[in-house]
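# Structural features, examined
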Amino acid sequence: MALFKRTGGGFLNGVDGTIAGYKFDEKTFENNDGKGTHRKLSMELQVKQDGADEPVVTYMDGGFLYDGQAISEDGQSLTDEQGDDTPIIKEDTDIAVFVGSLIERGIPESDFPTNGRDFSAMVGWRVTFAREMNKERQLAAGRKKLGVKAKGASEEELLKAGRRQDKNDKTKFYNHDRLIVTAVLAKPEDAKGGKKAATKTAALAKVN
């Protein structure tokens, strides 16, 4: 019901919707030592929540891009000028965790290319989205914030120190989190029908 606030909190947390599309992007940053630059990969994920007219977007980190690695002109796949056909995205990144959760909940892994460079197979699936704490990122942020004090700090203290501070309200702090899927609800219609919308309502897979 729209009269009440959804419990759980967080953007795309505990909501059902369809993966409407995605697009890879990259940004270049200067190295901390001031020598040279590095390239960061991200994915813009478009989600059409149930009942919504237009999709919303969220962004997921994909790690680094190295020499010869690039994004296709349409933003849908990754390339490597060196001819290497091994995966580019590391398994601990936000993109990998999200796609991994899709596969765990029922989307066939065989739908995706083995080199992990194109994820168009996930478009059109209707799923339940959720957010989980990115524990590794939060612990790292806690160690950085505590500095020399981090050596004697407990995990609980590191996690607390590693929370993100609200830019507008300095009294509020949030966990570092990432997007996952907790249930696959419906697959896209047969491509022969000319649509890629999720219309089946029976759940294909759910979290226990």
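Residues numbered from 1 in each chain as written. Predicted model: local features only at pLDDT ≥ 70, side-chain atom pairs only at ≥ 80, totals over all residues. Heavy atoms only, no water.

## Notes on the overall build of the protein chain
In plain terms, the rule: Here a strand is any run of E in DSSP of at least two residues, a helix any run of H or I of at least four, and the numbering for each starts at the N terminus. Partly exposed describes any residue whose relative accessible area lies between the buried limit of under 20% and the exposed limit of over 50%, with all areas from a 1.4 Å probe on protein chains only and scaled to the type maximum. Two residues qualify as a contact provided that any one of their heavy atoms is within 4.5 Å of a heavy atom in the partner residue. Here the accessible surface of atoms and residues is derived via Shrake-Rupley with a 1.4 Å probe, and residues count as covered only by protein chains that are part of the display.
Secondary structure assignment for the protein chain yields three helices and 10 strands. Taken across its 208 residues, the protein chain has 35% of its residues classed as buried. The contacts of the protein chain with a sequence gap of at least 6 include a subset with a gap of at least 24, amounting to 60%. As displayed, the protein chain has an accessible area near 13300 Å², and 49% of this comes from carbon and sulfur atoms.

## As for the nonpolar core
The line we're drawing: Each nonpolar core is a collection of buried residues, namely Ala, Val, Leu, Ile, Met, Phe, Trp, Tyr and Cys, held together in the definition by side-chain atoms within 4.5 Å.
Counting 29 residues, the largest nonpolar core has Phe24, Met43, Leu45, Phe98, Phe119, Met122 and Phe129 as the members making the most contacts within it. When contributions to this core are tallied by element, the ones reaching two or more residues are strand E1 (15-30), strand E2 (37-49), strand E3 (56-65), helix H1 (94-104), strand E6 (126-133) and strand E9 (177-186). Excluding its chain neighbours within four sequence positions, the residues that come into contact with Leu45 are Ile19, Gly21, Tyr22, Val56, Val57, Thr58, Met60, Phe98, Met122, Phe129 and Leu179.

## So, the pairing of E2
Stated formally: Strand pairing is assigned whenever DSSP identifies at least 2 bridges connecting the two strands.
Of the strand pairs in this sheet, E1 and E2 are connected by 13 bridges, and their pairing is antiparallel. Opposite Glu30, over in E2, you have Thr37 as the bridge partner. Taken together, E1 and the strand that follows it, E2, pair antiparallel across an intervening segment of six residues, in which Gly34 is found at a positive phi of about 80°. Two elements, E2 and E3, share eight bridges in a ladder whose sense is antiparallel. For Gln46, the partnering residue across the bridge sits in E3 and is Val57. Hairpin remark: E2 followed by E3, antiparallel, with six residues in the connecting loop; positive phi at Gly51, about 90°.

## A few points about unusual backbone geometry
The residue Leu12 is not glycine, and still its phi comes out positive at about 60°. Counting through the fold element by element, Leu12 comes out in the segment before E1.

## Points about the pairing of E1
Looking along a regular strand, one sees side chains alternate from face to face of the sheet. Where E1 lies against E6, four bridges are found, and the strand directions are antiparallel. By the bridge assignment, Val15 is partnered in E6 with Phe129.

## Quick notes on the packing of aromatic side chains
We count it as follows: Stacked, tilted and edge-to-face pairs are distinguished by plane angle, under 30 degrees for stacked and over 60 for edge-to-face with tilted covering the rest, among Phe, Tyr and Trp rings (Trp via its six-membered ring) whose centres lie within 6.5 Å.
This model, assessed by the stated rule, comprises five aromatic pairs. An angle of 55° between the planes, with centres 6.0 Å apart, marks the rings of Phe112 and Phe119 as tilted. Summarising the burial analysis for this pair, Phe112 and Phe119 share the class buried.

## Here's the deal with the environment of Thr114
With respect to the secondary-structure elements, Thr114 resides in the loop between H1 and E6. A C-alpha to C-alpha distance of 9.1 Å links Thr114 and Asp85, two positions 29 residues apart in sequence.

## Regarding the confidence of the model for the protein chain
Defined as follows: Within a predicted model, pLDDT stands for the predictor's per-residue confidence, ranging from 0 to 100.
Averaged over the protein chain, the pLDDT score is 81; the fraction of residues at 70 or greater is 76%. Segment residues 1-9 is flagged for pLDDT under 50; beyond a separation of four residues in sequence, or across chains, it makes four contacts in the model. The low-confidence segment residues 190-208 (pLDDT under 50) makes 39 contacts with residues lying over four places distant or belonging to another chain.

## A look at H1
Those residues of H1 that fall on the buried side of the exposure criterion are Asp94, Ile95, Val97, Phe98, Val99, Ser101 and Leu102. Looking one or two residues past H1, Gly106 carries a phi angle of roughly 135°, positive in sign.

## Comments concerning the environment of Met122
Mapped onto the elements of the fold, Met122 is located in the loop between H1 and E6. Met122 sits in the buried class, given a relative accessible area of 0%. Taking the C-alpha atoms as reference, Met122 lies 9.0 Å from Pro188; in sequence the two are 66 residues apart. Once residues lying within four places of it in the same chain are set aside, the contact partners of Met122 are Ile19, Tyr22, Met43, Leu45, Phe98, Leu102 and Phe112.

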